4 protein chains.
Amino acid sequence: MSAKIKVAILGATGAVGQRFVQLLENHPWFEISALAASERSAGKAYTEAVNWKLDTPLPERVRKLPVLEAKPGFEAAIAFSGLDSKVAGPIEEEFAQAGYAVISNSKNHRMDEDVPLLLPEINADHIGLIEIQKNKRGYKKGFIVTNSNCSAMALCLGLAPIDQAFGIEKVMVTTLQAISGAGYPGVPALDIVGNVIPYIGEEEEKMERETQKILGKFKNGKIENHPMILSATTTRVPVIDGHTESVNVKLQKRVSLDEVKSAFRNYFSVPQKLKLPSAPEHPVVLKEEIDRPQPRLDVNIQKGMATIVGRVRPCPIFDWKFVILGHNTIRGAAGAAILNAELLKSQGFLS
Amino acid sequence: MSAKIKVAILGATGAVGQRFVQLLENHPWFEISALAASERSAGKAYTEAVNWKLDTPLPERVRKLPVLEAKPGFEAAIAFSGLDSKVAGPIEEEFAQAGYAVISNSKNHRMDEDVPLLLPEINADHIGLIEIQKNKRGYKKGFIVTNSNCSAMALCLGLAPIDQAFGIEKVMVTTLQAISGAGYPGVPALDIVGNVIPYIGEEEEKMERETQKILGKFKNGKIENHPMILSATTTRVPVIDGHTESVNVKLQKRVSLDEVKSAFRNYFSVPQKLKLPSAPEHPVVLKEEIDRPQPRLDVNIQKGMATIVGRVRPCPIFDWKFVILGHNTIRGAAGAAILNAELLKSQGFLS
Amino acid sequence: MSAKIKVAILGATGAVGQRFVQLLENHPWFEISALAASERSAGKAYTEAVNWKLDTPLPERVRKLPVLEAKPGFEAAIAFSGLDSKVAGPIEEEFAQAGYAVISNSKNHRMDEDVPLLLPEINADHIGLIEIQKNKRGYKKGFIVTNSNCSAMALCLGLAPIDQAFGIEKVMVTTLQAISGAGYPGVPALDIVGNVIPYIGEEEEKMERETQKILGKFKNGKIENHPMILSATTTRVPVIDGHTESVNVKLQKRVSLDEVKSAFRNYFSVPQKLKLPSAPEHPVVLKEEIDRPQPRLDVNIQKGMATIVGRVRPCPIFDWKFVILGHNTIRGAAGAAILNAELLKSQGFLS
Amino acid sequence: MSAKIKVAILGATGAVGQRFVQLLENHPWFEISALAASERSAGKAYTEAVNWKLDTPLPERVRKLPVLEAKPGFEAAIAFSGLDSKVAGPIEEEFAQAGYAVISNSKNHRMDEDVPLLLPEINADHIGLIEIQKNKRGYKKGFIVTNSNCSAMALCLGLAPIDQAFGIEKVMVTTLQAISGAGYPGVPALDIVGNVIPYIGEEEEKMERETQKILGKFKNGKIENHPMILSATTTRVPVIDGHTESVNVKLQKRVSLDEVKSAFRNYFSVPQKLKLPSAPEHPVVLKEEIDRPQPRLDVNIQKGMATIVGRVRPCPIFDWKFVILGHNTIRGAAGAAILNAELLKSQGFLS
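What counts, and at which threshold
- Residues numbered from 1 in each chain as written.
- Chains lettered and ligands numbered in written order.
- Predicted model: local features only at pLDDT ≥ 70, side-chain atom pairs only at ≥ 80, totals over all residues.
- Heavy atoms only, no water.
- Helix = DSSP H or I, 4+ residues; strand = E, 2+ residues; numbered from the N terminus.
- Rg over C-alpha atoms; globule rule 2.2 N^0.38 Å.
- Buried < 20%, exposed > 50% of the residue type's maximum accessible area, 1.4 Å probe, protein only.
- Areas by Shrake-Rupley, 256 points an atom, 1.4 Å probe, with all protein chains shown as cover.
- Least-squares fit on C-alpha atoms with pLDDT ≥ 70 in both.
- Contact = heavy atoms within 4.5 Å.
- Domains from an automatic or database assignment.
- Buried area = accessible area lost by both parts, 1.4 Å probe.
- Salt bridge = Lys/Arg side-chain N within 4 Å of Asp/Glu carboxyl O.
- Nonpolar A, V, L, I, M, F, W, Y, C, P; charged D, E, K, R; others polar.
- Polar contact = N/O pair within 3.5 Å; in protein donor to acceptor, adjacent residues only side chain to side chain.
- Axes fitted to C-alpha atoms, helices over the stretch in contact; angles between N-to-C directions.
- Parallel < 35°, antiparallel > 145°, perpendicular 65-115°, else oblique.
- Left-handed = near helix turned anticlockwise from the far one by under 90°.
- Right-handed = clockwise from strand over helix to strand, strands pointing away.
- Pairing = 2+ DSSP bridges.
- Lys, Arg positive; Asp, Glu negative; His and termini not counted.

Caption draft 1: Local environment of the overall build of chain A. Within chain A one finds 13 helices and 14 strands. The C-alpha atoms of chain A give a radius of gyration of 19 Å, which matches the 20 Å a tight globule of 351 residues would have. Each of the 351 residues in chain A was classed as buried or not, and the buried ones make up 65%. When the accessible surface of chain A is totalled, it reaches about 12,700 Å², and 49% of it is carbon and sulfur.

The following block contains the structure:
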């Protein structure tokens, strides 16, 4: 067995950073070699710097790793970034410049023309942008790849099967998002216990534009956005993990309920074919029970990497309506970045 | 000062029945003279029969009232019904036949052709159906008037201002409904704590069809449904009181954001003109703060009788989107029935 | 009618400050003349500086009041302090020195030997310390009076009736405290939704020592602590308002269950005799229902100024056990300070 | 490999029954051969009869198993009982009479003189009662063994290490119990969302008396109760799984904090020595973080079979106080029964 690829985690003490640490424990291909965070934490052992908030124990291997400043110089090929968007932009560029494959969950570079907003089930071919990016930016070895916002991720995975099969024209979506999506400390308890907050800053715009890019086509060295029109309303509800989305879609053609359900049920794509280690066996799981999916019961299906679809039924205005559920900090954040890294490795981008 | 009108409450120990008792305490026009419930409770004093779940004390006046069986024979002009829909149908007919004004919150007769689905701000003229109903059913003095489902109520009040001003063609709505809407014991805690249930039995159908009737026209002795098309998705969230609704609407004409907001802000209708005791001063309250309305903070505005609208903004697919909040057991149930009774009295139907 | 006494609120934008503003609206004796907060807010209108989190509207009268820096110079006789304890100490002293009656909810001066930890039902005579304080500190007109921590407040009011009647020797208490007790933003939602946090910083020490001072005797110019021994465990639960406390007490003598209940039921003290405007009619309300008190149902009894006691029953180890509930931000904070001000006025300390 | 022992589950569709099904999937020694429930469910396939409420999928193997009536006649050596206590008593006796090893989670026979209230870490020798029971009741091959109430279980495991080391004289405990402890549908959401219910029927009595029996000595063919005195207050909080307990104990001797912590840390007992498949590696896990244990973060430590102890510190009245957390439906119910079965098998009682 050859040695694992060394990876650094930028923003390692934050909510997404903790998920990276959790999900990379015992990863077959990757191994954490460096943890970086803000200056305040730098110098401490990880176990002292982090306020570990996950319900599995802090992995033994990383407890004593020193927390470093987020500056190039680590022995690592990949820099997973869970950095706060206030600082992520230039730091990620610095790491790419220094030769790291920067695989980022932050929003800063998502909409850059030459940066893939990668979602392996849907747009694995967008990695073609990497070469263009390197040329344009003068990166020798490094590059930046991003994954989308958590609510856009679940939406894209719930739309892709029917978009690929029948073509989607319009999407109306209302989300009910988990509090973990806001990071830590994130939402004050006084604001959300027994309550709903019908607004999440910038979230609706992100869902609308990131979805178009993710589902877009890579053509002539550019991403051509998907022409579907989207209208999103995003809300916060007192759920720990799992974004629920109520979706109405208008298709390009008339199809039957069975055809729609089959499209969801049979969805199978690149990461599944490549058997990437973090790929869910079924990227989309269709529930037939009338009151599902539910975050508490379904969010951990396939280790949080599946997207669950339920309540598929005709819409009196558009064509179909259904409910999507996705794990916002696994499939919607750290898990997505790791799957991106696995795709990149399988395609020879990390050698 | 003349004596108050005596009223009976059918289903007095249930969730809606308790709200009737609470809201009728010190009512200027009405006075509870009889409390009726299932055989199991009959014979006990109200304070013993009821499992009082409201956060104001059980009113002194009714503590010792005996709970009676739900059969005509009370000294009362009005029978407010909060009966379970499993039994409400024939009992309400029996009371109407016996001469009572039956003002019901139950679903059984809502869609009867000759029964008004009354919402005084919107369709006060639907009381014209009462005469037709009496003739058709052979009721001498009694009659049945209903109010809508709680989620339809909030939707109608949020739509009416712009429908009346500009005409609505299409409505897409996703609700986030409170647990009190399911009565008591209602939703098991294990199902909803930290969770979302994306399904409420029959709720979507009720919202779609009751809205069309409420906003319909009384013409030639019949209600002509409003021709708008609706598509609803209803979900349950861990909130005690207050249904939140994410709404997208397509209008018949192009108007400006200011015009839409003005329509909401200036909405003023029959109960306000008549100064009915339970009428909110402003039936619709427009919030400008970006993260409102919120159930915990806004549900009790104007004693739970107002409908709160916020986040009014353009919709990329339809014309406008906004968020509605209504108190589901006050404006959406018992308070609505009481307002209906006040309208009926003011129009001479209770003399 | 003579003019009302002008009052300033220090820390007016915080959680306790907002309660001061809410509870002082339409107060018969006091009138807000100045709102002070941190430099960051200073200069703005209150409605812009505050993130209003109460479920009643921001009072019209204060919306446009400018927020000032917390420095003497206001036209006011009283300075209610809801300041953060990080800054409260010296600011409160500065105001006392400048002639204001400082009535503080902050912890900084509570245990000062010459500062009353005032709870009018229990130790109205502790105001005798004020004269001593003024002499000692060289205050001419001003002085500092404090109220206790919210969990100590409920405990003291639940203990006082039986302590006064029978004498208490030992108290074991475990609390289940509301999130509003931590202020705003306070507890992160991720930490408490569907969870219990079995620790609140410094809370156990405060409960143990403040209770002894509150129930202590004013003798020879000093407070002699009550000799009871206390042992507290404090926890946080996902409740908005209302601290629940499970209490076991050992008395100095053997009494019957009826005697204990009578002591609670008949408790009536100085604020009730003086008919102070904010005094609850019954400072302690005894519930006989087996599953009460409950925060959601009982916390607002007597406008949040009562302390609710229930489940009084024998303890196999000590003598009695029972459950106490108190509204932590009304009776346990701003309401307590206002009641203290009312006592001071009625005793001539504010003229 | 020899065949697995066949087991039946009585009450298989209930909350505890579902846990049995979940925990027995892939058990190395046992294999479900029969599922029994009430007449209403009998005849259906398990997947249709059950309203599966766990967050792992319904195991493939049992989906199609027919649900049978709870009457002897199954091909099974063990009958795990999660029956409702309204019916459990005589059914369990019938099964024991018919030759089954009845391993019950129901309360009915727990306090029977000749029935072990078995907790393998603490009283493995209580299985000596089985022979006495068989003789007394005339059971040929079958017998009844019970496990305790969920809150007593966590308490006993939290007390045993220091009781065995130093002797406990008195225990004061206040619990904060999860809603799953009430079964399904169990607690209505309206009663517990944002609330605390300071009462659980019969729970305090169960905790007090079951603890004495569990920690008691098997001597001369009888259980001699432990002489410690207990005083319990039990409350319900909005937590899904995990009972938290605030405990104060008085010991027979003075020991140091280090000695107390060592007793917890080094606790190791029969199931650990025997390496029973469901035995947690460490039956008691001591947390040193000041704000732990917390149900959301710690309840699944060692697959829900460990008991977590934290906040160990001196008590001003007794000797020590600390907080215990246990998984109420795993270690506190189905998992406990399975561990009991494993002990019985290892001691030759199932051959």
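Caption draft 2: Expanded view of the relation of the copies chain D and chain A. If you rotate chain D by 180 degrees and push it 0.0 Å along the axis, it lands on chain A with an RMSD of 0.0 Å. Seen this way, the second copy is the image of the first under a two-fold rotation axis. The rotation axis passes nearest to the C-alpha of Gly194 of chain D in chain D, at a distance of 3.1 Å. Interface overlap between copies is the fraction of interface residues in one copy that are interface residues in the other; for chain D against chain A it reaches 100%, indicating a shared surface.

Caption draft 3: The arrangement of the relation of the copies chain A and chain B in detail. The operation relating chain A to chain B is a screw motion whose rotation component is 180 degrees, with 0.0 Å of axial translation and a residual RMSD of 0.0 Å. Of the interface residues in chain A, 100% have counterparts in chain B that sit at the interface too, so the contact is made through matching surfaces.

Caption draft 4: A look at the domain arrangement of chain A. Residues and elements named next belong to chain A. Here chain A is described as being made up of domain 1 (5-149 + 334-346) and domain 2 (150-327). Summarising the inter-unit geometry, the C-alpha centres of domain 1 and domain 2 are found 24 Å apart. Each side of the interface is counted separately: domain 1 has 34 residues, and domain 2 has 38 residues. Carbon and sulfur atoms supply 65% of the area that domain 1 and domain 2 bury against each other, a total of about 2,900 Å² over both sides. On the domain 1 side of the contact with domain 2, Glu121, Ile122 and Asn149 bury the most area, a combined 26% of that side's loss. Summed over the shared surface of domain 1 and domain 2, the number is three salt bridges. Here Lys107 ties to Glu202 by a salt bridge, and the two come within 2.9 Å at their closest N and O atoms. By residue number, the principal contributor to the side of domain 1 that touches domain 2 is helix H13 (residues 330-346), which donates seven residues. Residue composition of the side of domain 1 that touches domain 2, grouped by class: 16 nonpolar, ten polar and eight charged.

Caption draft 5: Looking closely at helix H1 (residues 15-24) of chain D. All names here are of chain D. Within H1, eight of the ten residues are buried, leaving the element largely enclosed by the surrounding structure. Of the positions making up H1, those classed as buried are Val16, Gly17, Gln18, Arg19, Phe20, Val21, Gln22 and Leu24. Lining the buried residues of H1 we find strand E1 (5-10), strand E2 (30-37), helix H2 (46-49), helix H3 (60-63), strand E4 (78-81) and helix H13 (330-346). Residue Asn26 follows H1 closely and has a positive phi angle near 60 degrees.

Caption draft 6: Molecular detail of the interface of chain D and chain A. Taken together, the contact pairs eight residues of chain D with eight residues of chain A. Where chain D abuts chain A, roughly 930 Å² becomes buried across the two surfaces, and 47% of that area is made up of carbon and sulfur atoms. Three residues stand out in chain D for area buried against chain A, namely Asp55, Arg296 and Leu297 of chain D, and they jointly supply 50% of the buried area on that side. Where chain D meets chain A, there are zero salt bridges. Counting across the chain D and chain A interface gives zero residue pairs in polar contact (both at pLDDT 80 or more).

Caption draft 7: Representation of the interface of chain A and chain B in the model. Contacts between chain A and chain B engage 44 residues on the former and 44 residues on the latter. For the pairing of chain A and chain B, the buried interface totals around 3,500 Å² over both sides, and the portion due to carbon and sulfur atoms is 61%. Considering only the surface of chain A that becomes buried against chain B, Met172, Pro198 and Ile317 of chain A emerge as the three largest contributors, covering 17% of it. Remark: the boundary between chain A and chain B carries six salt bridges. Linking chain A to chain B there are 24 residue pairs in polar contact (both at pLDDT 80 or more). Ranked by residue count, the leading element in the side of chain A that touches chain B is strand E10 (residues 229-236) of chain A, at seven residues. Per-class residue counts for the side of chain A that touches chain B are 23 nonpolar, eleven polar and ten charged.

Caption draft 8: Quick peek at the packing of helix H7 (residues 150-166) of chain D against helix H9 (residues 203-214) of chain D. All names here are of chain D. At a minimum axis distance of 9 Å, the contact between H7 and H9 shows a crossing angle of 45 degrees. Looking at the two axes, H7 sits oblique to H9. The interaxial crossing formed by H7 with H9 has right-handed handedness. Where H7 abuts H9, its residues Cys150, Ser151, Ala152, Leu155, Cys156 and Leu159 lie against Glu203, Lys206, Met207, Glu210, Thr211 and Ile214.

Caption draft 9: Main features of the pairing of strand E5 (residues 101-104) of chain A. Residue and element names in this part refer to chain A. Across the two faces of E5 the burial is the same, with Ala101 and Ile103 and Val102 and Ser104 all buried. For the crossover that starts at strand E4 (residues 78-81), traverses helix H4 (residues 85-97) and ends in the parallel E5, the hand is right-handed. Relative to strand E6 (residues 143-146), E5 is paired through four bridges, and the arrangement is parallel. What sits directly across from Ser104, in E6, is Thr146.

Caption draft 10: View of the pairing of E1 of chain D. Residue and element names in this part refer to chain D. Burial analysis of E1 places five of its six residues in the buried class, the great majority of the element. Inspection of the sheet shows E1 paired to E2 by six bridges, in the parallel sense. Paired with Ala8 across the two strands is Ala34, which belongs to E2. Between E1 and its parallel partner E2, the chain crosses via H1, and the hand of that crossover is right-handed.

Caption draft 11: Region of the structure containing the pattern of salt bridges. Considering all chains together, one arrives at 72 salt bridges over all chains under this definition. Two residues, Arg110 of chain B and Glu210 of chain B, come together in a salt bridge whose shortest N-O distance is 2.9 Å. Residue Arg110 of chain B is found in the loop between strand E5 (101-104) and helix H5 (120-123), and its partner Glu210 of chain B is found in helix H9 (residues 203-214); the two are separated by 100 residues along the sequence. Residues Arg110 of chain B and Glu210 of chain B agree in their burial class; the two are buried. For the salt bridge of Glu289 of chain B with Lys287 of chain B, the shortest nitrogen-to-oxygen distance reads 3.8 Å. Residue class for Glu289 of chain B comes out partly exposed when judged on its relative accessible area of 36%. Salt bridges linked by common partners bring Asp112, Asp114, Lys136 and Arg137 of chain A together as one network.

Caption draft 12: Molecular detail of the environment of Gly73 of chain D. All names here are of chain D. Along the chain, the position of Gly73 falls in the loop between strand E3 (67-69) and E4. In this structure Gly73 comes out as exposed when scored by relative accessible area, which is 68%. Taking the C-alpha atoms as reference, Gly73 lies 8.5 Å from Ala98; in sequence the two are 25 residues apart.

Caption draft 13: Representation of the packing of helix H1 (residues 15-24) of chain A against H13 of chain A. Residue and element names in this part refer to chain A. Orientation of H1 relative to H13, taken along the N-to-C sense of each, is 55 degrees, at an axis distance of 9 Å. One finds that H1 runs oblique with respect to H13. Seen along the crossing, H1 lies across H13 with a hand that is right-handed. Taking contact as the criterion, the partners of Val16, Arg19, Phe20, Leu23 and Leu24 in H1 are, on H13, Ile330, Ala333, Ala334, Gly335, Ala337 and Ile338. Looking at side-chain class alone, the contact of H1 with H13 contains nine nonpolar, one polar and one charged residues.

Caption draft 14: Spotlight on the sheet that holds strand E3 (residues 67-69) of chain C. Residue and element names in this part refer to chain C. Read from one edge to the other, the open sheet built from six strands follows the order E3-E2-E1-E4-E5-E6, with strand pairing classed as parallel. Across the chains shown, the open sheet's two edge strands, defined by having one partner strand only, are E3 and strand E6 (143-146). Between one strand and the next, the sheet's axes are offset by a mean angle of 30 degrees, whatever the strand orientation.

Caption draft 15: Structural detail: the side chain of Asp163 of chain B. Residue and element names in this part refer to chain B. If you trace the backbone, Asp163 turns up in helix H7 (residues 150-166). With no salt bridge to any partner, buried Asp163 finds its closest opposite charge in Lys217, at an N-O distance of 8.0 Å. Within the structure, the side chain of Asp163 is placed 2.9 Å from the backbone nitrogen of Ile168, a separation counted as a polar contact.

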